[in-house]
Amino acid sequence: MAKITASVYTSHVPAIGAAIDLGKTTEPYWQPLFKGYEPTKQWFKDNKPDVIFLVYNDHATAFSLEMIPTFAIGTAAEYQPADEGWGHRPVPMVKGHPELAAHIAQSVIQQDFDLTIVNKMDVDHGLTVPLSLVCGTPSQDKFEWPCPVIPFAVNVVQYPVPSGRRCFELGKAIRRAVESFDKPLNVQIWGTGGMSHQLQGPRAGLINKEWDNAFLDEMIASPDTLASKPHIDYVREAGSEGIELVMWLIARGAMADTAGGKAPKVAHRFYHVPASNTAVGNLILENQ
């Protein structure tokens, strides 16, 4: 059967993608951030999965304010990088895994979680920046991502957004779905977005280091308690866009300890501020 072996958590700041694409990664402002991701890139080389299930939020590219699904799973064979107003990022097309995606959709919907099935969409920086940070920049002679990716979009743009508890329980359902797939696939689940940041209003530029690091502590040691944190705490302490962190709880819920297994091993933890007025977090947890 398939199994989830690890979860990866990372911010998906669009300016990070621009820094990579424009060759700015060694500049003084950006160098500390990219240095912090070097252990993650090495870990991924040593632990490359067969499939990545990547939880992210769309930024008005695949979906608009006219129609925003709470949870949407990509079941297509491929996804083009989106043009977010300044051209497509110079990154490879994202190859999907329709068979596993369809199986997860079937299983999760039968577990009473309503998903929107998406057979065609472009994917924006919310998905491609994490791939760049963790997988590195593909070489021109082999211009492709290391493995197929199943995009899973979550509405954290327009209220009402799903609760942390709902996301955590959804992660458990996704784990059960993966484990019921009858092919021996090594699957990683990634949670992206955040950490603390606010992009508009009187609190624009807000970053809360203490809150972010406490969040990382709870992600590791007490995710069930963290799942009960109300939305107002995220908004008050982490800024209006800090609510993106509920997406990390989907990945955390999919880990083995939420079903009675051993606590996960922390393979890497990194935190950096700022990156374009945003706090950046990175965490890797391995199932034991």
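Quick note: structure is the one above.
All of these numbers come straight from a predicted model, not from anything done at the bench.

**Q** Go over the packing of helix α4 (residues 98-110) against helix α6 (residues 164-179) with me, naming the residues and quoting the values.
**A** Between α4 and α6, the shortest axis-to-axis distance is 9 Å and the interhelical angle comes to 125°. By the angle between their directions, the pair α4 and α6 is classed as oblique. You can see that α4 and α6 cross each other, and the crossing is right-handed. Where α4 abuts α6, its residues His103, Ile104, Ser107 and Val108 lie against Leu170, Ala173, Ile174, Ala177 and Val178.

**Q** I'd love a proper account of the packing of aromatic side chains, names of residues and values included.
**A** Enumeration over the complete set of coordinates arrives at 11 aromatic pairs. Centroid distance Tyr9 to Trp248: 5.6 Å. Interplanar angle 35°. Geometry classified as tilted. Note that Tyr9 is positioned in strand β1 (residues 3-10) and Trp248 in helix α10 (residues 246-253), a separation of 239 residues in sequence. Side by side, Tyr9 and Trp248 carry an identical accessibility label, which is buried. Taken together, the ring pairs connect Tyr9, Trp211, Phe215, Tyr234 and Trp248 into an aromatic cluster.

**Q** Could you give me a rundown of helix α9 (residues 231-238), with the residues and numbers involved?
**A** When we look at burial in α9, the residues that qualify are Asp233, Tyr234 and Ala238. Each buried residue of α9 lies within a common arc of 100° when the element is viewed along its axis, so the set occupies one face. Tucked into the core, α9 has its buried residues touching α7 (209-221), α8 (223-226) and α10. At the C-terminal side of α9, Gly239 shows a positive phi close to 90°.

**Q** Which residues make up the environment of Glu286, and what values go with them?
**A** Tracing the chain through its elements places Glu286 in strand β10 (residues 280-286). A sequence separation of 19 residues divides Glu286 from Ala267, and the C-alpha atoms of the two residues are 6.7 Å apart. Sequence-distant contacts of Glu286, defined by excluding residues within four places in its chain, comprise Thr5, Ala6, Trp43, Asn47, Met255, Pro264, Lys265 and Ala267. Within polar-contact distance, the side chain of Glu286 engages the side chain of Trp43 at 2.5 Å.

**Q** Pulling in residues and values, what's your account of the pairing of strand β7 (residues 149-154)?
**A** For β7, the tally of buried residues reaches 6 of 6 residues, placing the bulk of the element in the interior. Bridge analysis of strand β2 (residues 51-56) against β7 gives 5 bridges, and the strand direction is parallel. Residue Phe53 lies in a different strand from β7, and its bridge partner there is Ile150. Note that strand β3 (residues 71-74) and β7 share 3 bridges and pair antiparallel. Following the sheet pairing, Phe71 is matched in β7 by Val154.

**Q** Before we move on, could you go through the side chain of His12 and cite the residues and values that matter?
**A** Assignment of secondary structure puts His12 in the loop between β1 and α1 (14-21). His12 gets classed as buried once you look at its relative accessible area, which sits at 4%. For His12, the side chain forms a polar contact with the side chain of Asn57, separated by 3.2 Å. Polar side-chain contacts of His12 include one of 3.2 Å to the side chain of Thr192. When near neighbours in sequence (up to four residues on either side) are disregarded, His12 contacts Asn57, His59, His125, Gly126, Val129, Pro130, Thr192, Gly193, Gly194, Glu244 and Met247.

**Q** Summarise the pattern of salt bridges; cite the residues concerned and give the values.
**A** If you walk through the whole model with that rule in mind, you get 13 salt bridges. With a shortest N-O distance of 3.6 Å, Glu38 and Lys41 are connected by a salt bridge. A residue pair is termed a helical-turn pair when its members lie 3 or 4 positions apart in one helix, as Glu38 and Lys41 do in helix α3 (residues 38-46) at 3 residues. Owing to a relative accessible area of 26%, Lys41 belongs among the partly exposed residues under this scheme. For Glu99, the salt bridge goes to Lys183, with nearest N and O atoms at 3.0 Å. With Glu99 in helix α4 and Lys183 in the loop between α6 and β8 (186-192), the pair connects residues that are 84 residues apart, well separated along the chain. Under the relative-accessibility criterion, Glu99 is labelled partly exposed at 40%. Judged by its relative accessible area of 37%, Lys183 is partly exposed. The structure contains a network of salt bridges with shared partners spanning Arg165, Glu169, Lys172 and Asp224.

How each quantity is defined
- Residues numbered from 1 in each chain as written.
- Predicted model: local features only at pLDDT ≥ 70, side-chain atom pairs only at ≥ 80, totals over all residues.
- Heavy atoms only, no water.
- Axes fitted to C-alpha atoms, helices over the stretch in contact; angles between N-to-C directions.
- Helix = DSSP H or I, 4+ residues; strand = E, 2+ residues; numbered from the N terminus.
- Parallel < 35°, antiparallel > 145°, perpendicular 65-115°, else oblique.
- Left-handed = near helix turned anticlockwise from the far one by under 90°.
- Contact = heavy atoms within 4.5 Å.
- Phe/Tyr/Trp six-rings, centres within 6.5 Å; stacked < 30°, edge-to-face > 60°.
- Buried < 20%, exposed > 50% of the residue type's maximum accessible area, 1.4 Å probe, protein only.
- Arc of directions from axis to C-beta.
- Polar contact = N/O pair within 3.5 Å; in protein donor to acceptor, adjacent residues only side chain to side chain.
- Pairing = 2+ DSSP bridges.
- Salt bridge = Lys/Arg side-chain N within 4 Å of Asp/Glu carboxyl O.

Spatial relationships are all this shows, so hold off on functional conclusions.
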